[in-house]
Amino acid sequence: MPAVGVAMSSGTLNLDQGLREYLLQVSLREPPLAAELRQHTLSLRHGGMLSSPEQVQLLVLLASLMEARQVLEVGTFTGYTSLRLALALGEEARLTCCDTSTEWTAVGQRYWARAGVSERINLHVGPARRTLGRLLDSGQAETFDLAYVDADKPNYLEYYESCLSLLRPGGLLAVDNVLWGGSVINPRDTSADTRAIRALNEQVHGDERVVPSMVPIGDGLMLAYKCRHTEPFAGGRQE
């Protein structure tokens, strides 16, 4: 099992290098500026925290299928995911991004400006719990189409509940690192991060408000579709 704290999502878990290179070669359509930002990020301290390009491309595909116009990101890092979404979704789309770091988000802001998408991105620097609370208090419940969470793990459950409230019925919530480098199945790993991810996975699995699917891409991506009605999903859970 991997050691505590080594889970990263800059590549897909347990996919060997040759096969991953082939996957990227025949699948990835990455704008040149986004590719430059990704390579720059990987050269930085903690660059391995970057979401894998194949995972971000899946998010771009899902957002495009939904014709998403309001996107929420909890955990922006150097702005790679937000850059790709802003470029793909066009001038009418608006992204609300939350992060605590001015150092990392400053990298993203430079690339957003170079891409001409800065006006589409509203960055909130500060604790995401506070930002999400302000969004709810300001009447923005059920106004977002897509939410992506890739932030501090101990607050995952709170982020999940807040984002679910902010999503419209029929919206999609995506949560990164839900396989956590394999540590989720290591009984010896009782760290706060790992326990929080296990709790999130169990919550989503049992939550009849959503239709879940855990995708083994990157470091594990949990997708949760917010049901349009209160009845359990017709093809839902089996005990």
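In the block above lies the structure referred to throughout.
Read on for an overview of the structure. (Residues numbered from 1 in each chain as written. Predicted model: local features only at pLDDT ≥ 70, side-chain atom pairs only at ≥ 80, totals over all residues. Heavy atoms only, no water.)

Moving on: the overall build of the protein. In terms of regular secondary structure, the protein is built from eight helices and seven strands. A compact globule built from 239 residues should have a C-alpha radius of gyration of about 18 Å, and the protein, at 17 Å, falls within 12% of that. Relative to all contacts within the protein whose residues are 6 or more apart in sequence, the contacts with residues 24 or more apart total 74%. Positive and negative charge centroids in the protein, built from 22 and 28 side chains respectively, lie 3 Å apart. (Helix = DSSP H or I, 4+ residues; strand = E, 2+ residues; numbered from the N terminus. Rg over C-alpha atoms; globule rule 2.2 N^0.38 Å. Contact = heavy atoms within 4.5 Å. Lys, Arg positive; Asp, Glu negative; His and termini not counted. Charge placed at Lys NZ, Arg CZ, Asp CG, Glu CD.)

Here we come to the packing of helix α7 (residues 156-166) against helix α8 (residues 192-206). Direction vectors running N to C along α7 and α8 enclose 35 degrees, while the axes themselves pass 8 Å from each other. Taking contact as the criterion, the partners of Y156, L157, Y160 and E161 in α7 are, on α8, I197, A199, L200, Q203 and V204. (Axes fitted to C-alpha atoms, helices over the stretch in contact; angles between N-to-C directions.)

With that settled, the discussion passes to the pairing of strand β5 (residues 167-176). Counting buried positions along β5 gives nine out of 10 residues, so the element sits mostly inside the fold. Across five bridges, the pairing between strand β4 (residues 144-149) and β5 is parallel. Along β5, the bridge assignment pairs A147 with L173. Bridging between β5 and strand β7 (residues 221-226) involves five bridges; their strand directions are antiparallel. Counted as the bridge partner of D176 is L221 from β7. (Buried < 20%, exposed > 50% of the residue type's maximum accessible area, 1.4 Å probe, protein only. Pairing = 2+ DSSP bridges.)

Further remarks concern the environment of L95. With respect to the helices and strands, L95 occurs in strand β2 (residues 94-99). Sequence separation of L95 and E30 is 65 residues, and the distance between their C-alpha atoms is 19 Å.

As paired elements, β2 and strand β3 (residues 121-125) share five bridges and run parallel to each other. Paired with C97 across the strands is L123, a residue of β3. Tracing the backbone out of β2, into helix α5 (residues 102-115) and back to the parallel element β3 gives a crossover that is right-handed. (Right-handed = clockwise from strand over helix to strand, strands pointing away.)

What follows concerns the nonpolar core. Membership of the largest hydrophobic core comes to 34 residues, with the highest contact counts inside it found for V71, L83, L85, L89, L95, I121 and L221. Those residues within four positions of L89 in sequence are excluded, and the remaining contacts are A63, S64, A68, R69 and V71. (Core = buried A, V, L, I, M, F, W, Y, C linked by side-chain atoms within 4.5 Å.)

Taken together, L19, Y22 and V26 make up a surface patch of nonpolar side chains, about 310 Å² in accessible area. Summarising the element assignment, V26 is placed in helix α1 (residues 17-27). Among the residues examined, V26 registers a relative accessible area of 52% and is labelled exposed. (Patch = residues over 30% accessible without salt bridge, like charges linked within 9 Å, V, L, I, M, F, W, Y side chains within 5 Å. Areas by Shrake-Rupley, 256 points an atom, 1.4 Å probe, with all protein chains shown as cover. Salt bridge = Lys/Arg side-chain N within 4 Å of Asp/Glu carboxyl O.)

Time to look at the pattern of salt bridges. As enumerated under the stated definition, the model contains 11 salt bridges in all. For the salt bridge of E158 with R129, the shortest nitrogen-to-oxygen distance reads 2.9 Å. Of this pair, E158 sits in helix α7 while R129 sits in helix α6 (residues 128-137); the two residues are 29 residues apart in sequence, bridging distant segments of the chain. With a shortest N-O distance of 3.5 Å, D150 and K153 are connected by a salt bridge. K153 matches D150 in its accessibility class, with the two residues each being buried. The structure contains a network of salt bridges with shared partners spanning E161, D207 and R209.

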